[in-house]
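What follows is each chain in one-letter form.
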Amino acid sequence: MTEKRIHVVFKTHLDIGFTDHAEKIRKQYHERFIPQAIETGAHFFKENPDEPLFVWTTGAWLISDHLNSRSKEEVARLEQAIERGLIRWHALPFTTHTELMSPDLFRAGLSYGQELDRRFGLKTIAAKMTDVPGHTLGMVPLLAEAGVRFLHIGVNSASPPPEIPDVFRWRAPGGKEIVVMYQRSYGETYFPEGLSDGLSFAHTSDNIGPQSVSQTAEAYREILKREPDATVRAATLEDYGTLMWEARERFPVVEKELGDSWIHGSGTDPEKIARYLALQRLYDRFAAERMTANRQAFGRKLALVAEHTCGVDIKSFLRDEKAWARPAFEAARKSDPRFHYTEASWAEQRAYLDQAVAELEAEDAARAEAALAEIAVPSRPEATGAATRLDVGGWIIELDPATGDVAALTAPDGRTIRGANGSLIAYRYESYDAGDVRRHMDTYLTQWMDWAVLDHDKPGLAHVAEARSDVHRPKFRGTAGTSVIATMTSEAVERFGAPAEIVIAFSGGKDGLDIRLTLYDKNANRMPEASFLSFTPEGQTAWDVRKMGHWHATDNFARAGGAQLQAVTAVKGQLAGGAELMVENLDTPLVAPQSWPFMAFCKDLPDYSAGVRFNIHNNKWGTNFPMWWGGDFTTRFKLRFSGR
């Protein structure tokens, strides 16, 4: 009988925030946790320098940050631990929402590990994502290009995993592939079928820090209780990744998109994400031109926006269960320190954008300011007419006289596309109640531990009479040139968080139709809400979505993944007669099927045939995402026809 070997990886889950403000967490790692890891490693190195019992693994960003920000003495201690093999980075900087990243920005994240490899004469071939349930297939060729062969994904145990094998070869269009181990926890002991080498994670929880000597010894005892006949050794992900790559032919191939069922969080601060996307497009242009040290520093700091932590833990820092209705909520924002501390964590995350721009030289910084100026909110127009038919650069736009919805479009070449049930392009605001939140939890949660319920629930909302589950439609007010102006009802504005006014401005010509939606005077609202701009052509339509430069059919997703809400850069629909409608979304990344309710989770593949709707903002559930947003906001879309 072949002897079992368990390769144990010691790791702490890094949230850059969550358990406190991000800068406090960063200092905690540098001042306490990295020294603790060095101390524990040194103890076991003295016992057996050839095979020490403790090797600590973390993302490349944290190691790079320590080496570039701490004293000479601290840096020397870390360098010694690395040279002894006691501390090791994996290929990724930290856990990200990969759907939010362009290929070039993802490469910027990989550059941390590549730089460390060059500095220490190592080759990193393994990577780790923790917590976030799913990622986009588009990162596979980028990882393969960087020499990464093995990716471990360990997810939050309350979230439904996509229905995929435990170990598989994840293959992208073009044939590039990596071996993936997917576990329904941050990581646990697992032997792939037919292999005597297993992988185990000695994982400490969010920002708890590395194990002490006694905790390390206890970790070995716990593993051996379950596997008494196994040999257990401290390992890096590189060690196990090499074994998995050598055995790759025995694993099934998966060519599906997984999706990210946490991606709704990118809609909780729409202004931050719009600015991030504008700067990411600029970074992509820098990458196409030439890379400099300043431009690389800009991209690296920009990547922090895609890190999976968006603020402090809502259930720990914002424990109020009463201030839900607007008057009580506004009063609490002014006087309750819990509200102040929580909002400050969101502001800290937004500051990543300014810190990134500060890395640029003057000429490039001016380009950044110009890119951000493109998403500045335009002056509010006054209605000067009430036409329900507009001519915009040869595009004929027919409007619904009640709502201001676009009912039909005729392109300059004479092709017409009509909307389902008379509505082709439409803005809607939705408010939700405790029943909607419960439907989300009933359809999404895999476990009902107290922490999971508190992460996803909105405690106290069930006792709020003002909460309501409803769809709020705009009322057509008039036109100003080629802009459509509509207002929301006073109840939706004052009781909930609908914008007082929306304006949809059109421009364009033969190359396509540009659409700019602007929300004015949106009140912050703690009760659950969301806004959408829908594109619903008449007839059944097959849709594809674009992420990280790759197109994906919406029926080629793993079941129970994140197919119902995705961060994309464009969608395209195949219309009757062979024509194609493409919509590029510049400032608002999230898209969903028109026919599926936003608050319920869809484990089957959702039906996109009725059209798509872009989520402008939401505060669907807590964890560490912003729970309200207010003000003015503008977002742009580019619509194109092609084919017959």
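To keep things clear, this report deals only with the structure shown in the data block. (Residues numbered from 1 in each chain as written. Predicted model: local features only at pLDDT ≥ 70, side-chain atom pairs only at ≥ 80, totals over all residues. Heavy atoms only, no water.)

### Observations regarding the packing of helix H8 (residues 270–289) against helix H9 (residues 293–303)
Contact pair H8 / H9: the axes reach a minimum separation of 10 Å and the direction vectors enclose 145°. Handedness of the H8/H9 crossing: left-handed. Along the contact surface, H8 presents Tyr-276, Leu-279, Gln-280, Leu-282, Tyr-283, Phe-286 and Glu-289, while H9 presents Arg-295, Phe-298, Gly-299 and Leu-302. When the residues that make up the contact of H8 with H9 are grouped by side-chain class, the tally is 7 nonpolar, 2 polar and 2 charged. (Axes fitted to C-alpha atoms, helices over the stretch in contact; angles between N-to-C directions. Helix = DSSP H or I, 4+ residues; strand = E, 2+ residues; numbered from the N terminus. Left-handed = near helix turned anticlockwise from the far one by under 90°. Contact = heavy atoms within 4.5 Å. Nonpolar A, V, L, I, M, F, W, Y, C, P; charged D, E, K, R; others polar.)

### Description of the packing of aromatic side chains
Enumeration over the complete set of coordinates arrives at 25 aromatic pairs. Each ring, one from Tyr-432 and one from Phe-598, has its centre 6.4 Å from the other, and the planes form 25°; the classification is stacked. Here Tyr-432, found in the loop between strand E15 (425–431) and helix H14 (434–444), pairs with Phe-598, found in the loop between strand E27 (590–593) and strand E28 (612–618); they are 166 residues apart in sequence, far enough to count as distant. For the ring pair Phe-535 and Phe-614, a centre distance of 5.8 Å and an interplane angle of 90° mean the geometry is edge-to-face. A residue pair is termed long-range when its members are at least 10 positions apart, and Phe-535 in strand E21 (residues 529–535) and Phe-614 in strand E28 qualify at 79 residues. Of the two residues examined, Phe-535 and Phe-614, each falls in the buried class. Among the aromatic side chains, those forming a connected cluster through ring pairs are Trp-262, Tyr-444, Phe-601, Trp-621 and Phe-625. (Phe/Tyr/Trp six-rings, centres within 6.5 Å; stacked < 30°, edge-to-face > 60°. Buried < 20%, exposed > 50% of the residue type's maximum accessible area, 1.4 Å probe, protein only.)

### Details of the sheet that holds strand E4 (residues 126–131)
Taken in spatial order, the 5 strands of this open sheet run E4-E5-E7-E6-E10, and their pairing is mixed. Of all strands in the sheet, those bounded by a partner on one side alone are E4 and strand E10 (253–254). As paired elements, strand E6 (residues 167–171) and strand E7 (residues 177–183) share 5 bridges and run antiparallel to each other. Note on E7: the bridge partner recorded for Trp-170 is Ile-178. (Pairing = 2+ DSSP bridges.)

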